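# Overview (structure and organization)
Spelled out from the first residue to the last, the chains are:
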Amino acid sequence: MKWQELYEQRTMTAEEAIKLIHSGDRVILSHAVGIPIAITDALVAHKEDYKDVEIVQLVPMGNAKFADPEAEGHFRLNALFLGGFTKGAVKEGRADFTPCCFHEVPGLFDELLPVDVALIQVSEPDRHGYVSCGVSVDYTLPAAKRAKRVIAQVNSQMPRCHGNTVLHVSEIDSFVRIDHPVLELALPKIGEVEKAIGENCAKLIRDGDTLQLGIGAIPDAVLLFLKDKKDLGIHSEMISDGVVELIERGVITNARKNFHPGKTVATFLMGTKRLYDYANDNPGLNLFPVDYVNDPYVIAKNDNLVSINSCVQADLMGQVASESIGLTQISGIGGQVDFVRGARLSKGGRSIIAIASTTADKKVSKIVPLLNEGAAVTTSRTDVDYIVTEYGIAHLRGKTLRDRAKALIAIAHPNFRPELIQEFEKRFHCTYQSENRSPLCGKREL
């Protein structure tokens, strides 16, 4: 049978397609802006037909009605990363959170989370019968390869991306056609604090470096201060609109990359239509599954890899909490640890944790004596390299606990330095002095 005939035969409505899902199934839902909302909406609309369906997903976008109170008993979310649509469900006990590094997710499908159904969104078939997972390859493609049944939302507006992104029509059990813009992530608001942090981060980036950038205002602010750099490269779990601007300016060329030279490498995209238009059929941008892109040993094949991520808190030992506020889980590990460790293994690599010195209302310091009770340590003190705030750069790798604390106090908000100094003197039996002088230790001078 020709692929065209098979495609037509397997095309149906969302209501028909969800009949391939059964009570008790584990359903892997594609990632971020790749979520097939037409199908998930149909699933929730028919929730009474289902009982105890486990839905596994990372970053939620669009909506997550399957995690609403009304869906309890029919669907239960097992979140590997949380967002605005899902953190409340976990906090209230209606959903679960499973901590894991991003690159490990496909391996979980093999070992611990076997896939009954993969619910994905793809591009239209090409002339050979291949669809692309488009802007979300990450764990989406591996889930589809491992699933017993695959339901695909075929979106005529989904970009076709190069790299390792495709499935053949014959590998998919059901197609639901739509024509709808891919979900967009609004550009973040970059304030003066973010600009100052971005400028400090940019001081650690050299011509020819390969970058990994997280998501949000701080990573985007870093890009503002790279316009005078030359021949930067990208090997990142995700990219957003700011990267496109630097490519168009000739700042990012990937010319000096020793691994995938000439190519921007990522595992998913999240931004505006400008980014998606740039990605469509672009051989200069390659997307691969996350167990490749985020594997620390693959990351390390890039010399001079610089990773830039953010966090919620950092304590005076250099422990970094990026995913929880005390016992309240607010996001996930994602790829932070993957890239921190990959940068450490990279020849000439550096990892940066970039953080505003206080919360937005200026009432709480993000550099603290101790992490909040119950907070998860995302990046350990043995892995941390640089921590950057709007007040400067603290290089912690290879430093004693005392010197780490001094370096972090120096980049804390001035309003909170007195209490941090008090903790320093109590903990280390030293009189704290300015960074350019040694503390007087063994005898406290008050």
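Residues numbered from 1 in each chain as written. Predicted model: local features only at pLDDT ≥ 70, side-chain atom pairs only at ≥ 80, totals over all residues. Heavy atoms only, no water.

## Topic: empty space enclosed by the protein
On inspection of all chains with the given rule, the structure shows one cavity of 30 Å³ or more. In this model, the largest cavity occupies a volume close to 30 Å³. Lining the largest cavity, in full, are L213, G214, D220, L223, M238, I239, S240 and V243. Contributions of two or more residues to the lining of the largest cavity are made by α8 (217–224) and β13 (238–239). A per-class count over the lining of the largest cavity returns five nonpolar, two polar and one charged. (1 Å grid on protein atoms, 1.4 Å probe; cavity = no way out; pocket = protein on both sides within 12 Å on 5 of 7 lines; lining within 4 Å. Points joined across faces, edges and corners; volume = space filled by probe spheres on them. Helix = DSSP H or I, 4+ residues; strand = E, 2+ residues; numbered from the N terminus. Nonpolar A, V, L, I, M, F, W, Y, C, P; charged D, E, K, R; others polar.)

## Thoughts on the pairing of strand β2 (residues 53–57)
Burial analysis of β2 places four of its five residues in the buried class, the great majority of the element. Inspection of the sheet shows strand β1 (residues 26–29) paired to β2 by three bridges, in the parallel sense. Bridging from a neighbouring strand, V27 pairs with I55 of β2. With respect to chirality, the unit in which β1 leads through helix α3 (residues 37–45) into the neighbouring parallel β2 is right-handed. The sheet contact formed by β2 and strand β3 (residues 75–79) spans five bridges and is parallel. (Buried < 20%, exposed > 50% of the residue type's maximum accessible area, 1.4 Å probe, protein only. Pairing = 2+ DSSP bridges. Right-handed = clockwise from strand over helix to strand, strands pointing away.)

## Some remarks on the packing of helix α7 (residues 192–202) against α8
At their nearest, the axes of α7 and α8 sit 7 Å apart, and the two run at 60 degrees to each other. Accordingly, the angle class assigned to the pair α7 and α8 is oblique. Of the two possible hands of crossing, α7 and α8 adopt the one that is right-handed. Here α7 contributes E194, K195, I197, G198 and C201 to the contact with α8, which in turn contributes A217, I218, A221, V222 and L224. Here the residues of the contact of α7 with α8 sort into seven nonpolar, one polar and two charged. (Axes fitted to C-alpha atoms, helices over the stretch in contact; angles between N-to-C directions. Parallel < 35°, antiparallel > 145°, perpendicular 65-115°, else oblique. Left-handed = near helix turned anticlockwise from the far one by under 90°. Contact = heavy atoms within 4.5 Å.)

## Points about the pattern of salt bridges
Scanning the entire structure with this criterion turns up 18 salt bridges. Here D25 and R149 are joined by a salt bridge, their closest N and O atoms 3.1 Å apart. With a gap of 124 residues between them, D25 in the loop between α2 (14–17) and β1 and R149 in strand β7 (residues 149–155) connect regions that are remote in the sequence. Both residues of the pair, D25 and R149, count as buried. With a closest N to O distance of 2.7 Å, R76 and D96 form a salt bridge. In this pair, R76 is assigned in strand β3 and D96 in strand β4 (residues 96–97), connecting sequence segments 20 residues apart. Residue class for D96 comes out partly exposed when judged on its relative accessible area of 35%. (Salt bridge = Lys/Arg side-chain N within 4 Å of Asp/Glu carboxyl O.)

## Focus: the side chain of D338
Among the secondary structure elements, D338 is positioned in helix α13 (residues 336–345). For D338, the side chain forms a polar contact with the side chain of H103, separated by 2.7 Å. Ignoring any residue separated from it by four or fewer positions in sequence, one finds D338 in contact with C101, F102, H103, N294, P296 and I299. (Polar contact = N/O pair within 3.5 Å; in protein donor to acceptor, adjacent residues only side chain to side chain.)

## Notes on the sheet that holds strand β11 (residues 210–213)
A sheet is described by the order of its strands in space; here six strands give the open sequence β12-β11-β17-β22-β24-β25, paired in mixed fashion. Two strands bound the open sheet, and with one partner strand each, they are β12 (233–234) and β25 (392–395).

## Brief notes about the confidence of the model for the protein chain
Mean pLDDT over the protein chain stands at 94; residues scoring 70 or higher make up 97%. Below pLDDT 50 for its whole length, residues 436–440 participates in 12 contacts with residues either more than four positions away or in separate chains. Throughout residues 442–446 the model reports pLDDT below 50, and contacts reaching past four residues in sequence, or to other chains, amount to 11 contacts. (pLDDT = per-residue confidence, 0-100.)

## Focus on unusual backbone geometry
Located in the positive-phi region is A32, a residue other than glycine, with phi close to 50 degrees. Tracing the sequence through the fold places A32 in the loop between β1 and α3. Phi at K362 takes a positive value of approximately 70 degrees, unusual for a residue other than glycine.

## Here's the deal with helix α9 (residues 241–248)
When you tally the buried positions in α9, you get six out of eight residues, the bulk of the element. Tucked inside the fold, the buried residues of α9 contact β11, α8, β12, β13, β14 (264–266) and α10 (273–279). Looking one or two residues past α9, G250 carries a phi angle of roughly 85 degrees, positive in sign.

## Considerations on the pairing of β7
Summarising burial for β7: seven of the seven residues are buried, a large majority. Residues R149, I151, Q153 and N155 line one face of β7 and the alternating positions V150, A152 and V154 line the opposite face, and both faces are buried. One ladder, built from six bridges, connects strand β5 (residues 117–122) with β7; its direction is parallel. Among the inter-strand pairings, V117 is bridged to a residue of β7, identified as R149. Sheet topology places β7 next to strand β10 (residues 174–178); five bridges connect them, and they run parallel. Across the sheet, Q153 pairs through a bridge with V176, a residue of β10.

## Let's talk about the layout of surface pockets
Space inside the largest pocket adds up to approximately 1,200 Å³. Lining the largest pocket are 41 residues; nearest its centre among them are F81, I215, G216, S310 and S331. Examining the composition of the lining of the largest pocket, we find that three residues originate from one element, α8, more than from any other. Classifying every residue of the lining of the largest pocket gives 23 nonpolar, 14 polar and four charged.

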